[in-house]
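Each chain, written out:
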Amino acid sequence: MRNQLYEQLQSFTEYIQIEKHYSAHTFEQYRHDIEEFYVFMKEQGLSSLKDVEYSDARLFLTKLHDHGLMRSSISRKVSSLRSFYRYLNREKQLTDNPFSFVNLPKKEQRLPKFFYEEEIQALLEACGGDKPLDIRNRAIFELLYATGIRVSECTSIQLKDIDLGLSTILVKGKGNKERYVPFGSFAHDAIEQYITESRPKLMKNQTHIQLLVNHRGGALTQRGIRLILNKIIEKASLTGKIHPHMLRHTFATHLLNNGADLRTVQELLGHSQLSSTQVYTHVSKDQLRKTYLAHHPRA
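What counts and what doesn't
- Residues numbered from 1 in each chain as written.
- Predicted model: local features only at pLDDT ≥ 70, side-chain atom pairs only at ≥ 80, totals over all residues.
- Heavy atoms only, no water.
- Helix = DSSP H or I, 4+ residues; strand = E, 2+ residues; numbered from the N terminus.
- Buried < 20%, exposed > 50% of the residue type's maximum accessible area, 1.4 Å probe, protein only.
- Contact = heavy atoms within 4.5 Å.
- Areas by Shrake-Rupley, 256 points an atom, 1.4 Å probe, with all protein chains shown as cover.
- Pairing = 2+ DSSP bridges.
- Disulfide = S-S within 2.5 Å.
- Phe/Tyr/Trp six-rings, centres within 6.5 Å; stacked < 30°, edge-to-face > 60°.
- Expected span 1.5 Å × (residues − 1).
- Arc of directions from axis to C-beta.

Helix and strand counts for the protein stand at twelve helices and three strands. The C-alpha extent of the protein, read off along each of the three principal axes, is 65 × 65 × 35 Å. Each of the 299 residues in the protein was classed as buried or not, and the buried ones make up 43%. For the protein, restricting intrachain contacts to residue pairs at least 6 apart in sequence, the fraction spanning at least 24 positions comes to 57%. When the accessible surface of the protein is summed, it comes to about 17,300 Å², and 50% of that surface belongs to carbon and sulfur atoms.

Turning our attention to the pairing of strand 2 (residues 168-172). Burial runs high along strand 2: four of the five residues are buried. Two strands pair when backbone bridges link them, and strand 1 (residues 162-163) and strand 2 are joined in this way by two bridges, in the antiparallel orientation. Bridged to Ile 162 within strand 2 is Ile 169. What sits between the antiparallel neighbours strand 1 and strand 2 is a turn of four residues, in which Ser 167 has the positive phi angle 55°. Two elements, strand 2 and strand 3 (residues 178-182), share five bridges in a ladder whose sense is antiparallel.

Okay, the state of the cysteines next. Taken as a whole and assessed by the stated rule, the structure comprises zero disulfides. Looking at Cys 127, it has no disulfide partner, and the nearest cysteine sulfur is the one in Cys 154, 13 Å off. Residue Cys 154 is classed as buried on the basis of its relative accessible area of 0%.

Applying the stated criterion across every chain, the model contains 15 aromatic pairs. Each ring, one from Tyr 15 and one from Tyr 87, has its centre 4.8 Å from the other, and the planes form 25°; the classification is stacked. With Tyr 15 in helix 1 (residues 2-18) and Tyr 87 in helix 4 (residues 71-90), this pair connects stretches of sequence that are 72 residues apart. Judged by its relative accessible area of 7%, Tyr 87 falls in the buried class. Both rings, one in Phe 37 and one in Phe 99, keep their centres 5.4 Å apart while their planes meet at 75°; by these two values the pair is edge-to-face.

Our focus in this paragraph is the pairing of strand 3. Of the two faces of strand 3, the one lined by Arg 179 and Val 181 is fully buried and the one lined by Glu 178, Tyr 180 and Pro 182 carries no buried residue. Here strand 2 folds back onto strand 3 in antiparallel fashion, the turn holding five residues, of which Gly 175 has a positive phi close to 65°.

Attention shifts here to the environment of Phe 115. If you trace the backbone, Phe 115 turns up in the loop between helix 4 and helix 5 (117-125). Residue classification places Phe 115 among the buried positions, given a relative accessible area of 4%. Taking the C-alpha atoms as reference points, Phe 115 and His 249, 134 residues apart in sequence, are found 8.3 Å from one another.

Along its 13 residues, helix 3 (residues 54-66) runs 19 Å from first to last C-alpha, staying within 8% of the 18 Å computed at 1.5 Å per residue. If you check which residues of helix 3 are buried, you get Asp 56, Ala 57, Phe 60, Leu 61 and Leu 64. The arc enclosing the buried residues of helix 3, seen along the axis, measures out at 145°, which places them on a common side. The inward-facing, buried residues of helix 3 contact helix 2 (24-43) and helix 4. With its phi angle positive at about 80°, Gly 68 sits one or two positions after the end of helix 3.

Okay, here's the thing in structure tokens:
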């Protein structure tokens, strides 16, 4: 039976990679969640997925709670198993889905952290310098703040994806979905200077089509961008840590605070669901309330 379990897991992981085009990170999460459930099945003496009942699914959920997992992590694991069973139902390998009626715990309402405009200005000033790496670092910061793209999307940009004439980038997002994202004049100037002045010097004897390169001329990684941003915030003497996603949050928050509509921000961020974008309205309302309380004479 153990062989059958892993054959089913192998079949499912091939499906989410090939047909669903899930990222390597998402693929690993699904695989880990299902293997964790397999360990639970062994503890409960369940040798086959068809032996799992609703009560077993509830017990698994209870064990996750007892281990102190966050509600968001528990929700993800239940979703992984629900999708796994749904796939096996579709393939006629199973007839039931014990996770269909398991209620997902409500996620904690955590507002995304973002930078205020004066903090962004301090970070931009910390990007100064005329060395090739300084020019590259400013281009990266301007690009992330101007477009709100994910770091994974940023590192995958190729030279041909940049249209300086129209000031747009072709971005390849989650599930290989493509979208065009515009950028402003400051980002335009920073990117153009990087491409014409900095990148040729950093490339040395290498040839490849990736936009962003490291100090050896190779393609810049996501870890490389995180290190660059950490150096920028350290140079700016701002308290706290910077995470690349904070620039994405800042992009969305500043747009909404300055009057952009939610649907436009959704399109720019590449969110498939409007609910993913709506979290930023809470941030905007909070900012408006603080501004009101600080400035209204009878607040």
